Amino acid sequence: LRMIPTPSSASIRCVLFDLGGVVFDSPISFVREFERTKGLKKDSINRAFSRSKNWKRLEEGKIGQEEFCQRVILEGLASKGVSVLDLRQIMRGISSVMRPRKDMVPQLPPR
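Analysis parameters
Here, residues in each chain are numbered from 1, in the same order as that chain's written sequence. Local features in a predicted model are, by the rule used here, given only for residues with pLDDT of at least 70; side-chain atom pairs are given and counted only at 80 or more, and totals for whole chains, interfaces and linings are based on all residues. Side-chain numbers here rest on the full set of heavy atoms in the structure, without hydrogens or water. Segments assigned H or I by DSSP are reported as helices when at least four residues long, segments assigned E as strands when at least two residues long, and all are numbered from the N terminus. Residue contacts are defined here by distance: any two heavy atoms, one from each residue, within 4.5 Å place the two residues in contact. Partly exposed describes any residue whose relative accessible area lies between the buried limit of under 20% and the exposed limit of over 50%, with all areas from a 1.4 Å probe on protein chains only and scaled to the type maximum. In the sections that follow, a salt bridge refers to a side-chain nitrogen of Lys or Arg positioned within 4 Å of a carboxyl oxygen of Asp or Glu. Working note: the arc is built from the helix axis to C-beta atom directions. The angle between two axes is taken between their N-to-C directions and runs from 0 to 180 degrees, where each axis is a line fitted to C-alpha atoms and a helix contributes only its stretch in contact. Should the near helix be turned counterclockwise from the far one by less than a right angle, the crossing is left-handed, whereas a clockwise turn marks it as right-handed. Under the grouping applied here, Gly and all other residues not named as nonpolar or charged are polar, the nonpolar ones being Ala, Val, Leu, Ile, Met, Phe, Trp, Tyr, Cys and Pro and the charged ones Asp, Glu, Lys and Arg.

1. Comments concerning the side chain of Asn54
Within the fold, Asn54 resides in helix α3 (residues 53-59). Not counting residues up to four positions away in its chain, the partners in contact with Asn54 are Ile63, Phe68, Arg71 and Glu75.

2. Considerations on the environment of Ile63
With respect to the element layout, Ile63 can be found in the loop between α3 and α4 (65-74). Classification of Ile63 by relative accessible area gives buried; the value is 6%. Setting aside anything within four residues of it in sequence, one finds Ile63 in contact with Asn54, Arg57, Leu58, Phe68 and Arg71.

3. Thoughts on the pattern of salt bridges
Per the stated rule, a full pass over the model turns up 7 salt bridges. The salt bridge involving Arg32 is made with Asp43; its shortest N-O contact spans 2.7 Å. Remark: Asp43 occurs in the loop between α1 (28-38) and α2 (44-51) and Arg32 occurs in helix α1; sequence separation between them is 11 residues. In this structure Arg32 comes out as partly exposed when scored by relative accessible area, which is 35%. Glu60 is the salt-bridge partner of Lys56, the closest N and O atoms lying 3.8 Å from each other.

4. Re α1
When α1 is considered as a whole, its buried residues turn out to be Val31, Phe34 and Glu35. Mapping the buried residues of α1 onto a view down its axis gives an arc of 100°, with all of them on the same face. Seen from the buried face of α1, the exposed residues on the opposite side, beyond 90 degrees, are Ser29, Arg36 and Thr37. Against α2 and α5 (84-97) lie the buried residues of α1. Just past α1, the residue Gly39 takes up positive phi, approximately 75°.

5. Quick look at the packing of α1 against α5
The geometry of α1 relative to α5 is characterised by a closest axis approach of 9 Å and an angle of 145° between their N-to-C directions. Between α1 and α5 the crossing geometry is right-handed. Here Phe30, Val31, Phe34 and Lys38 of α1 lie close against α5, whose contacting residues are Asp86, Gln89, Ile90, Gly93, Ile94 and Val97. A breakdown of the residues in the contact of α1 with α5 according to their chemical character gives 6 nonpolar, 2 polar and 2 charged.

Here's what the structure looks like:
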């Protein structure tokens, strides 16, 4: 057991927390609906994203969305019938659903 110092006994240097599905609505349901309308196997795109080294690079800001889309297609989504245009649509959809959850808004500090 390791004792975690309280703010009065140590300065806080970093705070980490999960945004997607915690503070913001999860984009997974949007992606699943896209998969359903395209006739793709459930979670095929989510699985491809999570397995892609480029997802991490996108999250870290090392590559942009367009480069991400191009790279993920080359990693194998093209063989499933997914195009770069499809991925652009998915990325726009993910951006549109990433809104703060109503039950979390009161928990966020004021600006």
